[in-house]
Protein chains: 2
Amino acid sequence: MTRAELVREIKAKKSFLCVGLDTDIDKIPQHLLDEEDPIFSFNKAIIKATEDLCVAYKPNIAFYESYGAKGWVSLQRTWEALPKNCFSIADAKRGDIGNTSTRYAHAFFNQAVSGLGFDSITIAPYMGADSVIPFLDMPEKWAIVLALTSNVGSADFQNLTDSAGEQLFETVLKKVASWGRVDNTMFVVGATRGEALLQVRKHVPDHFLLVPGVGAQGGSLQDVCRYGMNSDCGLLVNSTRGIIYASNGRDFAERARAEALILQQEMAAELERFGIV
Amino acid sequence: MTRAELVREIKAKKSFLCVGLDTDIDKIPQHLLDEEDPIFSFNKAIIKATEDLCVAYKPNIAFYESYGAKGWVSLQRTWEALPKNCFSIADAKRGDIGNTSTRYAHAFFNQAVSGLGFDSITIAPYMGADSVIPFLDMPEKWAIVLALTSNVGSADFQNLTDSAGEQLFETVLKKVASWGRVDNTMFVVGATRGEALLQVRKHVPDHFLLVPGVGAQGGSLQDVCRYGMNSDCGLLVNSTRGIIYASNGRDFAERARAEALILQQEMAAELERFGIV
């Protein structure tokens, strides 16, 4: 998906919501366990219930991989069920030396080879340029690189300050931005640190940011918009547990829709406040 | 596998060789392409030809994942074919927030769930403590954390120096060592920088190091031993292309064995020189 197409979807739906598909067999409604592929059945229902309210879906690959080859089949079916007007994110946190990163790019981007044709993949930057650049080589595909994450451990390395006073996540933003473009690179920036977005925007004013941590993890949507929104919106805000596990009864899809709708309406208000729609 | 068992194997085989299984359908001998699962057939033959000469195998997960569910089946078969007296490494470079890292641990360690029961997995440290610790929770399982890698891009972030004069890879070594123990944590340190091993050993004298980059990538085995060996050997030196692609004819397994034997004999000499065997 191109950046122009993504921005068009955001304006049309008045939403920059990304729904996380961290689908856990132990958390989905009991009645689905009788289905042939409960994980896919759950995802399909969640997608159907939310597709007009969100612009992106983000399966967390660990949740599929932990079931081995069977999980990979559920992932492939899920990818096939994603509406083509939604931006798809393989939340895989991959990254390796060049020839191996090229393999991972094929795994998630090249449907003819792997069965999966995601628009984007999340990337860990620790191994540097040759671990990131192979993900930037395919047209309309995106690398979403970890910069400042929302977990407790993020401070262990991401906030280390170099001799010039720059934090590691800032160096990551600047270097990675120089390897790609604003139409093939995004960054992960946690919502739990609203004001940190200000600092992020100093380095990457025009890039899209994938923002986890709103809701269950305590981040505020208003803060994220105040400090992070740009003239193209520039944000994909992810919510997972608050939506997909809103209920574990037979009404799970309905309740997921209700939660997604609340977020979409808050997002519409923000997009209007910033004059984007 | 416990540390004591690994050290025992190293002494018995006079080898600290790890064979990388980066099995690429475009590089394996043509005649195998008629088999039902050419990747597995290739791996099985390589394992049979080398298992008495090496102490570890390291499938590079990207090479399997790029074929989707089918690749995952080849990986599972390969894992099942690994001799139980060899240390198995899932070279996956995973790492995510805590609950997701737990999922990845199950994907690679918990055979009952995923079909895979590797002894260890390679981990990217960028997300900090909660991304690493879930891999340290299972008995006899190991996290092998990226510290100083052998690729060109490694200098982009790993060599950044903080205000106290410490490089990022040193901070990673120190912090990660404090989260785990010498019997459940190893580090990846590239062989292309022999003397860098000296600096690594200042921080982690007793840990095992997984060392890629000997051979095709230009690292010297003698330098690695001079600067990196400890009283338990403390090294697993990986070779991939030089062994598994020594020939792409019908003699591929035989030629792989010949190359592995050369390395094993060099390793035996080093183990003797250091008084370990």
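The model shown is predicted, which means the values in this text are computed figures rather than measured ones.

A. Fine view of the overall build of chain A. Looking only at helices and strands, chain A has 13 helices and eight strands in total. Taking 19 Å as the expected radius of gyration for a compact globule of 277 residues, we find that chain A reaches 18 Å, a close match to that expectation. For chain A, the C-alpha atoms occupy an extent of roughly 60 × 45 × 35 Å along the three principal directions. With 277 residues in all, chain A has 65% of them scored as buried. A fraction of 72% describes how many contacts in chain A between residues 6 or more apart in sequence connect residues 24 or more apart. Entry remark: accessible area of chain A is about 9500 Å², with carbon and sulfur atoms responsible for 49%.

B. Local environment of empty space enclosed by the protein. Overall, the coordinates contain two cavities of 30 Å³ or more when judged by the stated rule. Roughly 100 Å³ of internal volume is contained in the second largest cavity. The wall of the second largest cavity is formed by 14 residues, among which A:Leu160, A:Leu168, B:Leu160, B:Asp162 and B:Leu168 lie closest to the centre. By residue class, the composition of the lining of the second largest cavity is five nonpolar, five polar and four charged.

C. View of the packing of helix α10 (residues 196–203) of chain A against helix α11 (residues 221–228) of chain A. All names here are of chain A. Remark: α10 packs on α11, axes separated minimally by 8 Å, with the N-to-C direction vectors making an angle of 30°. Considering their axes alone, α10 and α11 lie roughly parallel with respect to each other. Considering the relative orientation of α10 and α11, their crossing is right-handed. When α10 is examined against α11, the residues Leu197, Leu198 and Arg201 are found in contact with a partner set consisting of Val224, Tyr227 and Gly228. Across the contact of α10 with α11, the residue classes tally to four nonpolar, one polar and one charged.

D. Structural detail: the nonpolar core. Formed by 197 residues in total, the largest nonpolar core has its most connected members in A:Phe16, A:Phe87, A:Phe108, B:Phe16, B:Phe87, B:Phe108 and B:Phe187. With residues near it in sequence (within four places) discarded, B:Phe16 still touches B:Ile10, B:Val55, B:Leu221, B:Cys225, B:Met229, B:Cys233, B:Leu235, B:Leu236, B:Val237, B:Met267 and B:Leu271.

E. Main features of the relation of the copies chain B and chain A. Superposition of chain B onto chain A requires a rotation of 180° combined with a translation of 0.0 Å along the rotation axis, giving an RMSD of 0.0 Å. The relationship between the two copies is best expressed as a two-fold rotation axis. Looking at chain B, 100% of its interface residues are interface residues in chain A too, so the copies touch through the same face.

F. Local environment of the sheet that holds strand β6 (residues 185–189) of chain A. Residues and elements named next belong to chain A. With parallel pairing, eight strands are arranged side by side around a closed barrel as β1-β2-β3-β4-β5-β6-β7-β8. Ignoring which end each strand starts from, the neighbouring axes of this sheet average 30° apart. Of the strand pairs in this sheet, strand β4 (residues 120–123) and strand β5 (residues 142–148) are connected by four bridges, and their pairing is parallel. Each bridged residue has a counterpart across the sheet, and for Ser120 the counterpart in β5 is Trp142. Contacts from helix α9 (residues 168–179) reach β5 and β6 within the one sheet, and its direction differs from that of β5 by about 160°.

G. Representation of the pattern of salt bridges. In this structure the tally under the stated criterion is 34 salt bridges over all chains. Between A:Arg94 and A:Glu65 there is a salt bridge whose closest N-O contact spans 2.7 Å. Of the two residues, A:Arg94 is situated in strand β3 (residues 87–94) and A:Glu65 in helix α3 (residues 61–65); the sequence distance between them amounts to 29 residues. The burial state of A:Arg94 is the same as that of A:Glu65; both residues are buried. Put simply, A:Asp91 and A:Lys93 hold a salt bridge, and the shortest N to O gap is 2.7 Å. Each member of the pair, A:Asp91 as well as A:Lys93, carries the same accessibility label: buried. Several salt bridges converge on common partners, so that one network encompasses A:Lys58, A:Asp91, A:Lys93 and B:Asp96.

H. Broad picture of the pairing of β3(A). Residues and elements named next belong to chain A. In terms of burial, β3 is largely enclosed, as eight of its eight residues are buried. Of the two faces of β3, the one lined by Phe87, Ile89, Asp91 and Lys93 and the one lined by Ser88, Ala90, Ala92 and Arg94 are each fully buried. Here strand β2 (residues 56–59) runs beside β3; their pairing, made up of two bridges, is parallel. For Ala56, the partnering residue across the bridge sits in β3 and is Phe87.

I. Here's a closer look at the interface of chain B and chain A. Counting residues at the interface gives 56 residues for chain B and 56 residues for chain A. Buried area between chain B and chain A, both sides added, is near 4900 Å², and the carbon and sulfur share of it is 59%. Among the residues of chain B in contact with chain A, B:Arg103, B:Tyr126 and B:Phe157 are the three that bury the most area, contributing 20% of the side total. Linking chain B with chain A are eight salt bridges, by the criterion used here. We note a salt bridge from B:Lys175 to A:Asp156, for which the minimum N-O separation is 3.8 Å. Where chain B packs against chain A, one counts 34 residue pairs in polar contact (both at pLDDT 80 or more). Partitioning the side of chain B that touches chain A into residue classes produces 28 nonpolar, 17 polar and 11 charged.

J. Representation of α9(A). The terminal C-alpha atoms of α9(A) lie 17 Å apart, and with 12 residues this matches the ideal 16 Å at 1.5 Å per residue to within 8%. Considered for burial, the residues of α9(A) that qualify are A:Leu168, A:Phe169, A:Glu170, A:Thr171, A:Val172, A:Leu173 and A:Val176.

K. Layout of the sheet that holds strand β7 (residues 208–211) of chain B. All names here are of chain B. Pairing in this closed barrel of eight strands is parallel, and the strands run β1-β2-β3-β4-β5-β6-β7-β8 around the ring. Sheet twist, expressed as the mean angle between neighbouring strand axes with direction ignored, is 30°. As paired elements, strand β1 (residues 17–21) and strand β8 (residues 235–239) share three bridges and run parallel to each other. Residue pairing across strands places Val19 opposite Ser239, the latter belonging to β8.

L. Up close: helix α11 (residues 221–228) of chain B. All names here are of chain B. Of all the residues in α11, the buried ones are Leu221, Val224, Cys225 and Gly228. All buried residues of α11 lie within an arc of 95° about the axis, which places them on one face of the element. Contact partners of the buried residues in α11: α10 (196–203), β7, β8 and α13 (252–273).

M. Representation of the side chain of B:Gln264 in the model. Within the secondary structure, B:Gln264 is located in helix α13. Those residues within four positions of B:Gln264 in sequence are excluded, and the remaining contacts are B:Lys13, B:Lys14, B:Ser15 and B:Leu53.

Reading the values: the criteria
- Residues numbered from 1 in each chain as written.
- Chains lettered and ligands numbered in written order.
- Predicted model: local features only at pLDDT ≥ 70, side-chain atom pairs only at ≥ 80, totals over all residues.
- Heavy atoms only, no water.
- Helix = DSSP H or I, 4+ residues; strand = E, 2+ residues; numbered from the N terminus.
- Rg over C-alpha atoms; globule rule 2.2 N^0.38 Å.
- Buried < 20%, exposed > 50% of the residue type's maximum accessible area, 1.4 Å probe, protein only.
- Contact = heavy atoms within 4.5 Å.
- Areas by Shrake-Rupley, 256 points an atom, 1.4 Å probe, with all protein chains shown as cover.
- 1 Å grid on protein atoms, 1.4 Å probe; cavity = no way out; pocket = protein on both sides within 12 Å on 5 of 7 lines; lining within 4 Å.
- Points joined across faces, edges and corners; volume = space filled by probe spheres on them.
- Nonpolar A, V, L, I, M, F, W, Y, C, P; charged D, E, K, R; others polar.
- Axes fitted to C-alpha atoms, helices over the stretch in contact; angles between N-to-C directions.
- Parallel < 35°, antiparallel > 145°, perpendicular 65-115°, else oblique.
- Left-handed = near helix turned anticlockwise from the far one by under 90°.
- Core = buried A, V, L, I, M, F, W, Y, C linked by side-chain atoms within 4.5 Å.
- Least-squares fit on C-alpha atoms with pLDDT ≥ 70 in both.
- Pairing = 2+ DSSP bridges.
- Salt bridge = Lys/Arg side-chain N within 4 Å of Asp/Glu carboxyl O.
- Buried area = accessible area lost by both parts, 1.4 Å probe.
- Polar contact = N/O pair within 3.5 Å; in protein donor to acceptor, adjacent residues only side chain to side chain.
- Expected span 1.5 Å × (residues − 1).
- Arc of directions from axis to C-beta.

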